[in-house]
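An overview of the molecular structure
Now for the letters of each chain:
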Amino acid sequence: MAAIRSKNTKPEMIVRHGLWKRGFRYRLNHKRLPGHPDLVLRKYRTCIFVNGCFWHGHLVDMKVFENSECCKIPKTNRDFWVAKIRRNKERDREEQRTLASMGWHCIIVWECELKPSKREETLDSIAFTLNHIWLQDHGAKTTPYLQLEEENMQMPMAAESEV
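Throughout what follows, the structure given in this document is the object of discussion. (Residues numbered from 1 in each chain as written. Predicted model: local features only at pLDDT ≥ 70, side-chain atom pairs only at ≥ 80, totals over all residues. Heavy atoms only, no water.)

1. Quick word on the pairing of strand β3 (residues 46-51)
Burial analysis of β3 places six of its six residues in the buried class, which makes it a mostly covered element. Every second residue of β3 is oriented toward a common face, with Thr46, Ile48 and Val50 on one face and Cys47, Phe49 and Asn51 on the other, all of them buried. The pairing of strand β2 (residues 39-41) with β3 spans three bridges and is antiparallel. Counterpart to leucine 39 in the pairing with β3 is isoleucine 48. Connecting β2 to the next strand, β3, in antiparallel fashion are four residues, including arginine 45 with a positive phi near 50°. (Buried < 20%, exposed > 50% of the residue type's maximum accessible area, 1.4 Å probe, protein only. Helix = DSSP H or I, 4+ residues; strand = E, 2+ residues; numbered from the N terminus. Pairing = 2+ DSSP bridges.)

The structure is reproduced here in structure tokens:
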């Protein structure tokens, strides 16, 4: 257990490098926020948690605690691990509720979403979500694409003569 790190893990480093390349700036492990988020983007009022699938019970059915494809519960000392993962999930939910009540957005990134086959898609999705949050919070009026297309079709083009 002493070898398990809570900071600067490989999945966290992947997210950090991916966001930095896309132009996002952040702070690490903010001590004053509940749960000490892995990344804090103050401009976007967003906290990003990079969760390990095992420690946070990704895709585990909480009622039966059956194994999933990315999270396998050990067969030895099973009751201990089930209780521990259940407590972790409850604590995560409570921290997210507290952050939401403080006006922060939360993004959860799972370790299995950062496999090489899904990595770029996941990082692009995070960037899209952050940009969407920024537009929402700053009151930018967005017009759906189809509505824009219809408006452009109704107006005459500058090169056309109005006869």
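2. Digging into the pattern of salt bridges
For the structure on display, the rule yields six salt bridges. When the shortest N-O distance is used, the salt bridge between arginine 22 and glutamate 120 registers 2.7 Å. Highlighted residues: arginine 22 in the loop between α1 (10-21) and β1 (27-28) and glutamate 120 in helix α3 (residues 119-137), separated in sequence by 98 residues. Connected via shared salt-bridge partners are Arg22, Glu120 and Asp124. (Salt bridge = Lys/Arg side-chain N within 4 Å of Asp/Glu carboxyl O.)

3. Digging into the sheet that holds β3
What links the strands of a sheet is backbone hydrogen bonding, and the strands pair in either a parallel or an antiparallel sense. One open sheet accounts for four strands, arranged β1-β2-β3-β4; its pairing is mixed. Taken across any chain shown, the strands that pair with only one partner, and hence form the sheet edges, are β1 and β4 (105-110). Against the sheet, α1 touches β1, β2, β3 and β4, its axis set at about 140° to β3. Its contacts with the sheet place α3 against β2, β3 and β4, and it is angled at close to 175° to β4. (Contact = heavy atoms within 4.5 Å. Axes fitted to C-alpha atoms, helices over the stretch in contact; angles between N-to-C directions.)

4. Describing the side chain of histidine 56
Among the secondary structure elements, histidine 56 is positioned in the loop between β3 and α2 (78-101). Given a relative accessible area of 15%, histidine 56 falls into the buried group. Among the polar contacts made by the side chain of histidine 56, one reaches the side chain of aspartate 92 at a distance of 2.6 Å. (Polar contact = N/O pair within 3.5 Å; in protein donor to acceptor, adjacent residues only side chain to side chain.)

5. Thoughts on the nonpolar core
Formed by 17 residues in total, the largest nonpolar core has its most connected members in Leu19, Ile48 and Leu130. For this core, the elements supplying multiple residues, two or more each, are α1, β2, β3, β4 and α3. (Core = buried A, V, L, I, M, F, W, Y, C linked by side-chain atoms within 4.5 Å.)

6. Focus on the packing of α1 against α3
In contact at an axis separation of 10 Å, α1 and α3 are set at 60° when each is read in the N-to-C sense. The pairing of α1 with α3 is recorded here as oblique in orientation. The hand of the α1/α3 crossing is right-handed. Two secondary-structure elements touch here, α1 through Ile14, Val15, Gly18 and Leu19 and α3 through Arg119, Leu123, Ile126 and Leu130. The class makeup of the residues in the contact of α1 with α3 is six nonpolar, one polar and one charged. (Parallel < 35°, antiparallel > 145°, perpendicular 65-115°, else oblique. Left-handed = near helix turned anticlockwise from the far one by under 90°. Nonpolar A, V, L, I, M, F, W, Y, C, P; charged D, E, K, R; others polar.)

7. Quick notes on unusual backbone geometry
Trans peptide bonds make up most of the peptide bonds, and negative phi angles are found at most residues other than glycine. Positive phi values are uncommon outside glycine, yet asparagine 29 reaches one of about 40°. Mapped onto the elements, asparagine 29 comes out in the loop between β1 and β2. The class of asparagine 29 is buried, set by a relative accessible area of 12%. The phi dihedral of arginine 45 falls on the positive side, at around 50°, and the residue is not glycine. Mapping arginine 45 onto the fold places it in the loop between β2 and β3.

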